[in-house]
Amino acid sequence: MNTIQLIIDQEKLQKQHCISVIGGGGKTSFCFALGDKFSKQEKTIVTTTTHMLYPKHLTSKQICLSEDIREIQSKLSSNLLFLTKPYQDKKLQSVSSEVLSAALSCCDKMIIEADGSRQYPLKFEKENEPSVPSFCECVIQIVGASAFHKKACETIHRYPLAKQHFQWKEDTRVDVSLMAQLITYNFNKTHAQQKIVIINQMDTVTDKHLLAPLKQILPYPVYFFSLLNDIVYKM
């Protein structure tokens, strides 16, 4: 994939042991795409610190629904392993922090979906979010460009909390300034050394150039992608 390989090469992600992914919709697909790329050469675990749906594209040998470290080590022979606990409320649950830390020592790469957004393109992190482990060196925030110019109340997960925090008006729409507010706020709740922004869903935006100022406003590397179509947009 052009998008995945580009961000690995440009940001030297091959040097990182643990990468967490937060933000809006598109995280799960990105986590597995990143994991698939790394697993070509390294033992890679894809997991979550919240909850995820069952990955139907994986084989049973690539899935571990156990906290038994010996079983985790055994299944890592496939090089790509999805690690969670069994179902609760129709979703797979995160393993304990102790097991997560132990599993890290068994693999070369760990990719963590550290957030839930209920398919909204944007996310406002509440008090105990995102759930990024202290040992994580890199956090990638996914931001859905499909929210651009739309009503904030219709495109942001946990909008009432965001509206109260930022003192937005009722009819606030998503613009570059609002996106930068959310991105910065969410990143300030994490302590990883490396922070990267992916503006996803660029294929849904007509006036793509209007999002370009994010590269100047934000103090983080910003990439403009359509992950679904594997397209990189030069801005």
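Above this text sits the structure in question.
Below is a short write-up of the structure. (Residues numbered from 1 in each chain as written. Predicted model: local features only at pLDDT ≥ 70, side-chain atom pairs only at ≥ 80, totals over all residues. Heavy atoms only, no water.)

Along its length, the protein carries 8 helices and 14 strands. Taking 2.2 N^0.38 as the reference for a compact globule, 235 residues should give roughly 18 Å; the C-alpha atoms of the protein span a radius of gyration of 17 Å, in line with that estimate. The C-alpha extent of the protein, read off along each of the three principal axes, is 55 × 35 × 30 Å. Taken over 235 residues, the protein has a buried fraction of 53%. Summing over all exposed atoms, the protein offers an accessible surface of approximately 11300 Å²; the carbon and sulfur share of this is 48%. A distance of 2 Å separates the average location of the 28 positive side-chain charges in the protein from that of its 23 negative side-chain charges. (Helix = DSSP H or I, 4+ residues; strand = E, 2+ residues; numbered from the N terminus. Rg over C-alpha atoms; globule rule 2.2 N^0.38 Å. Buried < 20%, exposed > 50% of the residue type's maximum accessible area, 1.4 Å probe, protein only. Areas by Shrake-Rupley, 256 points an atom, 1.4 Å probe, with all protein chains shown as cover. Lys, Arg positive; Asp, Glu negative; His and termini not counted. Charge placed at Lys NZ, Arg CZ, Asp CG, Glu CD.)

A probe as big as a water molecule, rolled over the atoms, marks out the empty space that is left. As a volume, the largest pocket reaches approximately 670 Å³. Considering the residues around the largest pocket, the lining is formed by 30 residues, among which Lys91, Glu113, Gly116, Ser117 and Arg118 are closest to the centre. Looking at which element gives the most residues to the lining of the largest pocket, the answer is helix α2 (residues 27-38), with 4 residues. Looking at the lining of the largest pocket residue by residue, the class counts come to 7 nonpolar, 13 polar and 10 charged. Its boundaries defined by the atoms lining it, the second largest pocket holds a volume of some 240 Å³. Surrounding the second largest pocket, 14 residues form its lining, Gly26, Ser29, Asn200, Leu227 and Leu228 being those nearest its centre. The leading source of residues in the lining of the second largest pocket is α2, at 3 residues. Grouping the constituent residues of the lining of the second largest pocket by class yields 6 nonpolar, 7 polar and 1 charged. (1 Å grid on protein atoms, 1.4 Å probe; cavity = no way out; pocket = protein on both sides within 12 Å on 5 of 7 lines; lining within 4 Å. Points joined across faces, edges and corners; volume = space filled by probe spheres on them. Nonpolar A, V, L, I, M, F, W, Y, C, P; charged D, E, K, R; others polar.)

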